[in-house]
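# Structural description and commentary
Given next are the chains, with one letter for each unit.
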Amino acid sequence: MSVRTLLIGVDGATFTVLDPLMEAGLMPRLAGLVADGVRAELRTIVPALTPPAWTSLMTGRRPGHHGIFDFFQKSSADSEKIEFATHKDVLTPTIWRLANEAGLSATVLNFPLMVPAPALNGHVVAGWLPWRQLRLGCHPSDLYGRLKGLPSFNVRELAMDMALEAKATEGAAEEEFEEWVRLHTRREAQWLMVAEHLLETEPSDLFAVLFDGPDKIGHLLWRYIDPGLWPAAPDAEMVRIRDLCHDYFRRLDEGIGRLVDLAGPGATVIIASDHGFGATTEVFHINTWLAEHGYLVWRDDVTLNDEGGTLGMGHLSRHIHWFDWEHTLAYASTPTSNGIHIVVASEPGGPGVPPAEYEAFRARLMADLHRFRDPASGEPIVTEIHTREEAFAGAAMALAPDLTLVLRDGGLVSILPADDPLKPRPQPEGTHRPLGVFIAAGPEFRAGATVGELSILDVAPVTLYCLGLGVPADFEGRVPGEILAPPYLAAHPVAQAPATTAAAPKENEAEGELDPESESALLARLMELGYLD
Amino acid sequence: MSESKPEVLAYVLNLLRELAEDWDYEGDINADTLLFRGLNLQSLDVVVLGNSIVEYYNKPIPYADFLAEIGQREFNDVSVSEWVEFTHSHINGNGA
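All figures in this text were calculated on a predicted structure; none of them were measured in a lab. (Residues numbered from 1 in each chain as written. Chains lettered and ligands numbered in written order. Predicted model: local features only at pLDDT ≥ 70, side-chain atom pairs only at ≥ 80, totals over all residues.)

## Quick look at the packing of helix α1 (residues 5-20) of chain B against helix α4 (residues 80-91) of chain B
Residue and element names in this part refer to chain B. Direction vectors running N to C along α1 and α4 enclose 125°, while the axes themselves pass 9 Å from each other. Taken together, the axis directions place α1 and α4 in an arrangement best described as oblique. Note on packing geometry: the crossing formed by α1 with α4 is right-handed. Here K5, V8, L9, V12, L13 and L16 of α1 lie close against α4, whose contacting residues are V80, W83, V84, T87, H88 and I91. Grouping the constituent residues of the contact of α1 with α4 by class yields nine nonpolar, two polar and one charged. (Axes fitted to C-alpha atoms, helices over the stretch in contact; angles between N-to-C directions. Helix = DSSP H or I, 4+ residues; strand = E, 2+ residues; numbered from the N terminus. Parallel < 35°, antiparallel > 145°, perpendicular 65-115°, else oblique. Left-handed = near helix turned anticlockwise from the far one by under 90°. Contact = placed C-beta atoms within 7 Å. Nonpolar A, V, L, I, M, F, W, Y, C, P; charged D, E, K, R; others polar.)

Right under this line is the structure:
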């Protein structure tokens, strides 16, 4: 068997970073794929966040249909409790499953929402998983034992090691930057080793591997890798850390080249990211703003965050207990998706907004948010507000935030209390942006072409097309004709397949539900992992 | 699936012992072993383990509530036997 389609995910990749590296000759293999294929900016879904975005890439559906909105999300429509999302929460079929159903094998390495590992015809090594449980994220069941026998295999570096991640992120002291970059350089080497082993010994028709270092490095070290923020006179230490980052990307490029070589000349290569990246310069303390406007009530024993906008783990792990649930009408429960939930009263006279007043309440909240201005410049802080009907229409909409905000600096909200709802960051940091990358090379694609913006929802149909499969009628993306070589398209017209069958949305399911105590502890763990701001 | 408590204990011990081989953990794991102080697990570890057990038994088991209750008591740790007791009660529909 040989690989038909090699899908390489690069978390948080953006041409803002990749283009200068390609132009400088540091990423020659990527530049070669661009020269031989097609490139486009790839617009992600709302919110621009790893779990929902990669799930949209894997399923061809928006979050309202596939059911993943965040790392943690509401356990049921009428609950303030949230739970850690797993693959059981994904309500629509993945391209891996669709490939299997068509008789094709699929290998999936380091993608989120893959634990417990689904029983695919192929291989799974789940991503975003603590190292002690990686065996549970592997399929088939003997795979972990085989990987363990590989020379240099180190599960603590391949998967998430809380201690290592915490050491590199807590406080983000400059002396920790080097180890942060080196950790992710080593992690990619581990994933490359696993991928190369499986490509050499048991290649699948669809072979997918994800590298998450660009996102992790981007969050902490954005000002080192964004040429637009590079100072005119950097000191030697800045140059040294920047060069380490560049070395990470150089090695990533070498790894991509090795995977392409191993996949063979007949394989089509698709590279995509879940979102882009950019600078964030301020912190919007959304729950503080909600409290100031009468939407949220803190408990009496809550003290303000006086750390100048730095979001400490201690605060994060306690925040859920800070809400007075008898009087809170709207709140943000996670700092990752910019989502606001409205508490709707479950019974007459009970806490929350009466159902009959929901629309008017939400409209008033939106108007108040739009009126929030930078006191110095008069600029609006919230530039867009999506209602859940707009952003998350679908069977799972009831689990989604009622409102999702886009901030003027593209950043993520803080959910912590503060003495001022808007605070500048001491230094620019990295945050997600809507435009990621798409690069594809193979007989299906035009050569040396740059096309207009594509949607992340297009990646699933394009991948199925490259595998010779039809595109399900309910996929929300398309196979863009402008990326395809006309002779190939003429010989291989895009075929439609029947709509996929969505799983039933969860209704008041108790399984895996987290109360605020456990949830806040898990949020703290994700903070250690480096995802949460 | 209906399972006796000894059967659930055997499954959980087997799961933990198999995983512990990957941790370089050399101690014995038995019903009295503590998950946090004994095995040095963290919250997310226990949640992922719980997901695996839920998948195996195909029953809703509210481990998050269980962990929350443990987190609030003075001795905030849990033994394997206590974990098995909770699991068994929910597998057989007797959970609180």
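## A word on helix α3 (residues 50-59) of chain A
All names here are of chain A. Extensive coverage of α3 is indicated by the burial of 10 of its 10 residues. Looking at α3, one finds that the buried residues are T50, P51, P52, A53, W54, T55, S56, L57, M58 and T59. Next to the buried residues of α3 lie β1 (5-10), α4 (63-66), α5 (95-101), β9 (268-272) and α16 (459-466). Note on α3: the residue one or two positions beyond its end, G60, has a positive phi of about 70°. (Buried ≥ 20, exposed ≤ 12 C-beta atoms within 10 Å, placed from the backbone.)

## Concerning the sheet that holds strand β12 (residues 339-342) of chain A
A sheet is described by the order of its strands in space; here four strands give the open sequence β11-β12-β14-β13 (chain A), paired in antiparallel fashion. Of all the strands in the sheet, just β11 (330-331) and β13 (382-387) of chain A have a single pairing partner and so form its edges. (Pairing = 2+ DSSP bridges.)

## What to know about the environment of A48 of chain A
All names here are of chain A. Its location among the elements puts A48 in the loop between β2 (38-43) and α3. Taking the number of C-beta atoms within 10 Å as the measure of exposure, A48 has 26 and is therefore buried. Separated by 320 residues in sequence, A48 and D368 place their C-alpha atoms 24 Å apart. Beyond its immediate chain neighbours, meaning those up to four positions away, A48 contacts A53, H275, H432, R433 and P434.

## Remarks on unusual backbone geometry
Excluding glycine, most residues fall at negative phi; most peptide bonds, likewise, are trans. Residue and element names in this part refer to chain A. Of note, the amide linkage connecting V115 to P116 takes the cis form, showing an omega dihedral of -5°. The omega angle of the peptide bond from H139 to P140 is 0°, so this bond is cis rather than trans. Among the structural elements, P140 can be located in the loop between β7 (138-139) and α6 (143-148). A positive phi angle, close to 55°, is found at W128, a residue other than glycine. Structurally, the position occupied by W128 is in the loop between β6 (122-125) and β7.

## Looking at the confidence of the model for chain B
Scored by pLDDT, chain B has a mean of 86; 93% of the residues are at 70 or more. Interface scoring of the predicted complex returns ipTM 0.83; its pTM is 0.89. (pLDDT = per-residue confidence, 0-100.)

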